[in-house]
Amino acid sequence: MPRRMYECVVCGRKFPHGQGIIMHKSGITLYFHSKACAAKFFKLLIERVDESCTKGALREILEELSEALRKRKESARKVI
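None of these values were measured; they are calculated from a predicted model.

What counts and how
- Residues numbered from 1 in each chain as written.
- Predicted model: local features only at pLDDT ≥ 70, side-chain atom pairs only at ≥ 80, totals over all residues.
- Heavy atoms only, no water.
- Helix = DSSP H or I, 4+ residues; strand = E, 2+ residues; numbered from the N terminus.
- Rg over C-alpha atoms; globule rule 2.2 N^0.38 Å.
- Buried < 20%, exposed > 50% of the residue type's maximum accessible area, 1.4 Å probe, protein only.
- Contact = heavy atoms within 4.5 Å.
- Areas by Shrake-Rupley, 256 points an atom, 1.4 Å probe, with all protein chains shown as cover.
- Lys, Arg positive; Asp, Glu negative; His and termini not counted.
- Charge placed at Lys NZ, Arg CZ, Asp CG, Glu CD.
- Patch = residues over 30% accessible without salt bridge, like charges linked within 9 Å, V, L, I, M, F, W, Y side chains within 5 Å.
- Salt bridge = Lys/Arg side-chain N within 4 Å of Asp/Glu carboxyl O.
- Phe/Tyr/Trp six-rings, centres within 6.5 Å; stacked < 30°, edge-to-face > 60°.
- Core = buried A, V, L, I, M, F, W, Y, C linked by side-chain atoms within 4.5 Å.

*Asks:* Would you mind going over the overall build of the protein with me for this structure?
*Replies:* When you go through the protein residue by residue, the secondary structure sums to two helices and four strands. Sequence-ordered secondary structure for the protein, helices as α and strands as β, is β-β-β-β-α-α. Taken against the 2.2 N^0.38 rule, which gives 12 Å for 80 residues, the C-alpha radius of gyration of the protein at 18 Å runs more than 25% over that of a compact globule. Taking the principal axes of its C-alpha atoms as reference, the protein extends roughly 55 × 40 × 20 Å. In the protein, which comprises 80 residues, the proportion classed as buried is 12%. Long-range contacts, defined as pairs at least 24 residues apart, comprise 17% of the intrachain contacts of the protein with a sequence gap of at least 6. For the protein, the exposed surface amounts to about 7,300 Å²; the carbon and sulfur share of it is 58%. Each charge class in the protein can be summarised by its mean position, and for the 17 positive and 9 negative side chains these summaries are 10 Å apart.

Now the structure itself:
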């Protein structure tokens, strides 16, 4: 049985099911064959989206990641 193939939206490279990055959002499916292509796409997206649309979401994400990092550092600290 032939494997399902996808095409990267950034570079056009084809990749088989189970590899690459596939994201579904707002009725659109995005296919990336590598994290480098995904990063390139999202860098362009962030640069082009109006700041008023992204400012709140960016702050929330940064706070969430900062808190997760703080918890990881705290749990990794040795207690004597």
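Next comes the rest of the account.
*Asks:* I tried to follow a nonpolar patch on the surface on my own but got confused; where do I start?
*Replies:* Side chains of Met-23, Phe-42 and Leu-45 sit close together on the surface and give an oily, nonpolar patch of about 230 Å² of accessible area. With respect to the helices and strands, Met-23 occurs in strand β3 (residues 21-25).

*Asks:* Help me out: how do you make sense of the pattern of salt bridges in this one?
*Replies:* Once their charged atoms are close, side chains differing in charge can pair, the charge on each being opposite to the other. With the rule as written, the count across this model stands at five salt bridges. Of the charged contacts in the structure, one is a salt bridge between Lys-55 and Glu-51, with a shortest N-O distance of 3.9 Å. Here the residue Lys-55 and the residue Glu-51 both occupy positions in helix α2 (residues 51-76), the gap between them amounting to four residues, near one helical turn. Owing to a relative accessible area of 40%, Lys-55 belongs among the partly exposed residues under this scheme.

*Asks:* Teacher, can you tell me more about unusual backbone geometry here?
*Replies:* Excluding glycine, a negative phi dihedral is what most residues carry, and trans is how most peptide bonds are arranged. For Ser-26, which is not glycine, the phi torsion reads 55 degrees and is therefore positive. Here Ser-26 falls in the exposed class, since its relative accessible area comes to 67%.

*Asks:* Please explain the packing of aromatic side chains as it appears in this structure.
*Replies:* For any pair of aromatic rings, the description rests on two quantities: the centre-to-centre distance and the angle between the ring planes. Applying the stated criterion to the full structure yields five aromatic pairs. Consider the rings of Tyr-6 and Phe-15, whose centres lie 5.7 Å apart with planes at 40 degrees: the pair is tilted. When sorted by exposure, Tyr-6 lands in the same class as Phe-15, which is buried. An aromatic cluster of at least three residues, connected via ring pairs, comprises Tyr-6, Phe-15 and Tyr-31.

*Asks:* I would appreciate a short explanation of the nonpolar core in the present structure.
*Replies:* Nonpolar side chains tend toward joint burial in soluble globular proteins. Counting residues in hydrophobic clusters, the biggest one holds five residues: Cys-8, Leu-30, Phe-32, Cys-37 and Ala-38. Mapped onto this core, the elements with two or more residues apiece are β4 (28-32) and α1 (35-48). Leaving out residues up to four positions away in the same chain, Phe-32 has contacts with Cys-8, Val-9, Val-10, Phe-15, Gly-20, Ile-21, Cys-37, Ala-38, Phe-41 and Phe-42.

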